[in-house]
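What follows is the residue order along each chain.
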Amino acid sequence: MSAEPVTTPDARVRIPREIWVLIAAAFVIALGFGLITPVLPTFAQSFGVGATASSVVVSAFAAFRLLFAPAGGRLIARLGERPVYLAGLVIVAVSTGATAFAGSYWQLLLFRGLGGVGSVMFTVSAVALIVRLAPPSIRARVSSAYASAFLIGGVGGPVVGGLLGGLGLRVPFLVYAVALLLAASIVFVFLKDASLRPREGAPVLPAMTVRDGWRDSAYRAAVGSAFANGWGNFGVRNAILPLFAAAVIVDRSLDAATRETHQSLVAGAALAVFAVGNAVGLTIAGRTSDRLGRKPFVLAGLLVSGVFTAATGLASDLPTLLAFSAAAGLGAGSLNPAQQASLADVVGRERNGGPALAAVQMAQDTGAIVGPVIAGTMVDHGSFGLAFGVTGGITLLAVLPWLRARETHEVVRAR
């Protein structure tokens, strides 16, 4: 449990400059990632594989993230956040550029998987910096601003990616590689290494281990909701939704070239409205949970996200798909800043949360690995409705640990 003093939320507290640099880079990264999301499953199927194999491509990215997460945490402890962050962006840029030139399914799988190594490097570095640099009274606001940058980029990215997909399925990967190099340049120029180092002679912060975190009911609940969030919103939605759009929403009587363009556009639109709903949820939860507490927004987010994710498989036309996607995004947006702020409350500013935070990230990545593979198998041997239904059920199960978890916000607990 954190030993920090009770603080009151204050809208006048400013977000530190270093965090604004990370927010700007997050926007560029998300914009680029959104470019490839609508076309990645279709690109995989262009090598003659089914829904399960194309879903494995999405899972491979998360699998490499999971495998490298412990080493990434050690690198941060040894080298510092900034160099690990920059190296991670460059690795993802190179692997994404190589993906554009993949000549077989197995090359695509390898190149996309290697990108997960760089992804976990810059993700854990950014989260560790935000936890350390964010003033306690505006933690949820900072989490919301950072996540909103991803979401704003995520709104435009899928739409642009769908349009670029009409120029060829390899084009979005090249554009994304350039976007990542741009983000690395922003951090390299504007985030000065010296400003992130402790003062000379300052005591080294003790590390919060996973065992320390596991004693806290909120930490245990966050591990479960991170797993469910990875399964549904980072895994299944990106892997299965484009295939669902192609199989159910797009007119199958169109010629092949027109169908391919329509598939990218429909998938991009569904992912974009999910991002819009997510942005709305982030805006509400990001500021309000600094006053009302974390648990209400985590619980509401899991419930709304789970119900509408399960309902997605029942959509039979584009307006219904867009409505369900927007509602699921609203739930996911309500969950994320409150959950991240709760974790920051647990860690506090007097400890290095790297190991404990990496474990939560690993739980999310595990969900993103397992979810698409299981959902893809359900599509191949069952139906899209079954795949989305099970995914929504996993999200709803994550509600149970949070019902018994403690409220971590010091202001609310002090009332």
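Treat the numbers as computed from the prediction; the structure is a model and nothing was measured.

Undergrad: Describe in detail the overall build of the chain, supporting the description with residues and values.
TA: Regarding its fold elements, the chain presents 16 helices and zero strands. Long-range pairs, those at least 24 residues apart, make up 88% of the contacts in the chain between residues at least 6 apart in sequence. Of the roughly 16300 Å² that the chain leaves accessible, carbon and sulfur atoms contribute 68%.

Undergrad: Run through the packing of helix H4 (residues 81-99) against helix H5 (residues 105-133), naming residues and quoting values.
TA: Between H4 and H5, the shortest axis-to-axis distance is 8 Å and the interhelical angle comes to 155°. Compared by their axis directions, H4 and H5 come out roughly antiparallel. For the pair H4 and H5, the sense of crossing is left-handed. Tallied by class, residues from the contact of H4 with H5 come to 14 nonpolar, eight polar and three charged.

Undergrad: Before we move on, could you go through helix H1 (residues 17-36) and cite the residues and values that matter?
TA: When the terminal C-alpha atoms of H1 are compared, their 30 Å separation across 20 residues agrees well with the 28 Å that a helix rising 1.5 Å per residue should span. Buried residues dominate H1, accounting for 14 of its 20 residues.

Undergrad: For the environment of Leu181, give the residues involved together with the corresponding values.
TA: Its location among the elements puts Leu181 in helix H7 (residues 171-190). Along the chain, Leu181 and Val90 lie 91 residues apart, while their C-alpha atoms are 6.4 Å from each other.

Undergrad: Before we move on, can you summarise the confidence of the model for the chain with the specific residues and values?
TA: Across the chain, the average pLDDT comes to 78, with 81% of residues at or above 70. Here residues 1-9 is modelled with pLDDT under 50, and outside its nearest four sequence neighbours on either side it reaches 29 contacts, counting other chains as well.

Undergrad: Account for the nonpolar core, naming residues and giving values.
TA: Membership of the largest hydrophobic core comes to 70 residues, with the highest contact counts inside it found for Ile29, Tyr85, Leu89, Ile240, Phe244 and Leu321. With near-sequence residues (within four places) excluded, Tyr85 lies in contact with Leu22, Ala25, Ile29, Met121, Phe122, Ser125, Ala126 and Val187. Membership of the second largest hydrophobic core comes to 30 residues, among which are Val131, Ala218, Ala356 and Ala359.

Undergrad: Can you explain a nonpolar patch on the surface? Please cite residues and give values.
TA: A surface patch of nonpolar side chains, amounting to about 300 Å² of accessible area, comprises Val276, Val280, Ile284 and Leu330. Top contributing element to the nonpolar patch by residue count: helix H10 (residues 256-292), with three residues. Residue placement: Val276 occurs in helix H10.

Undergrad: Could you give an account of the pattern of salt bridges, naming the residues involved and the relevant values?
TA: Throughout the structure, instances matching the rule amount to four salt bridges. Between Asp212 and Arg215 there is a salt bridge whose closest N-O contact spans 2.9 Å. For the salt bridge of Arg406 with Asp216, the shortest nitrogen-to-oxygen distance reads 2.7 Å. You can see Arg406 sitting in the loop between helix H15 (399-404) and helix H16 (410-413) and its partner Asp216 sitting in the loop between helix H8 (210-214) and helix H9 (217-249), a full 190 residues away along the chain.

Undergrad: An account of the packing of H9 against helix H11 (residues 295-312) is needed here, citing residue identities and associated values.
TA: Interhelical geometry of H9 versus H11 gives an angle of 25° and a closest axis separation of 12 Å. In terms of orientation, H9 lies roughly parallel with respect to H11. By crossing handedness, the relation of H9 to H11 is classed as left-handed. Where H9 approaches H11, its residues Ser225, Asn233, Arg237, Leu241 and Phe244 are matched on the opposing element by Leu302, Ser305, Thr309 and Thr312. The residue inventory of the contact of H9 with H11, partitioned by class, reads three nonpolar, five polar and one charged.

Undergrad: Got a sec to walk through the packing of aromatic side chains? Specific residues and values, please.
TA: Using the criterion set out here, one finds seven aromatic pairs in the structure. Between Tyr85 and Phe122, the aromatic rings sit 6.0 Å apart at their centres with planes inclined by 65°, giving edge-to-face as the arrangement. Separated by 37 residues along the polypeptide, Tyr85 in helix H4 and Phe122 in helix H5 bring together distant segments of the chain. When its relative accessible area of 6% is taken as the criterion, Phe122 is described as buried. Between Phe244 and Phe388, the aromatic rings sit 5.6 Å apart at their centres with planes inclined by 75°, giving edge-to-face as the arrangement. Taken as a pair, Phe244 in helix H9 and Phe388 in helix H14 (residues 384-397) lie far apart in primary sequence, 144 residues in all. One exposure class covers both Phe244 and Phe388, and it is buried. An aromatic cluster of at least three residues, connected via ring pairs, comprises Phe244, Phe384 and Phe388. Over the face of the ring belonging to Phe61 we find Arg112, whose NZ or CZ atom lies 4.2 Å from the ring centre.

About the thresholds
- Residues numbered from 1 in each chain as written.
- Predicted model: local features only at pLDDT ≥ 70, side-chain atom pairs only at ≥ 80, totals over all residues.
- Heavy atoms only, no water.
- Helix = DSSP H or I, 4+ residues; strand = E, 2+ residues; numbered from the N terminus.
- Contact = heavy atoms within 4.5 Å.
- Areas by Shrake-Rupley, 256 points an atom, 1.4 Å probe, with all protein chains shown as cover.
- Axes fitted to C-alpha atoms, helices over the stretch in contact; angles between N-to-C directions.
- Parallel < 35°, antiparallel > 145°, perpendicular 65-115°, else oblique.
- Left-handed = near helix turned anticlockwise from the far one by under 90°.
- Nonpolar A, V, L, I, M, F, W, Y, C, P; charged D, E, K, R; others polar.
- Expected span 1.5 Å × (residues − 1).
- Buried < 20%, exposed > 50% of the residue type's maximum accessible area, 1.4 Å probe, protein only.
- pLDDT = per-residue confidence, 0-100.
- Core = buried A, V, L, I, M, F, W, Y, C linked by side-chain atoms within 4.5 Å.
- Patch = residues over 30% accessible without salt bridge, like charges linked within 9 Å, V, L, I, M, F, W, Y side chains within 5 Å.
- Salt bridge = Lys/Arg side-chain N within 4 Å of Asp/Glu carboxyl O.
- Phe/Tyr/Trp six-rings, centres within 6.5 Å; stacked < 30°, edge-to-face > 60°.
- Lys NZ or Arg CZ within 6 Å of the ring centre and 35° of its normal.

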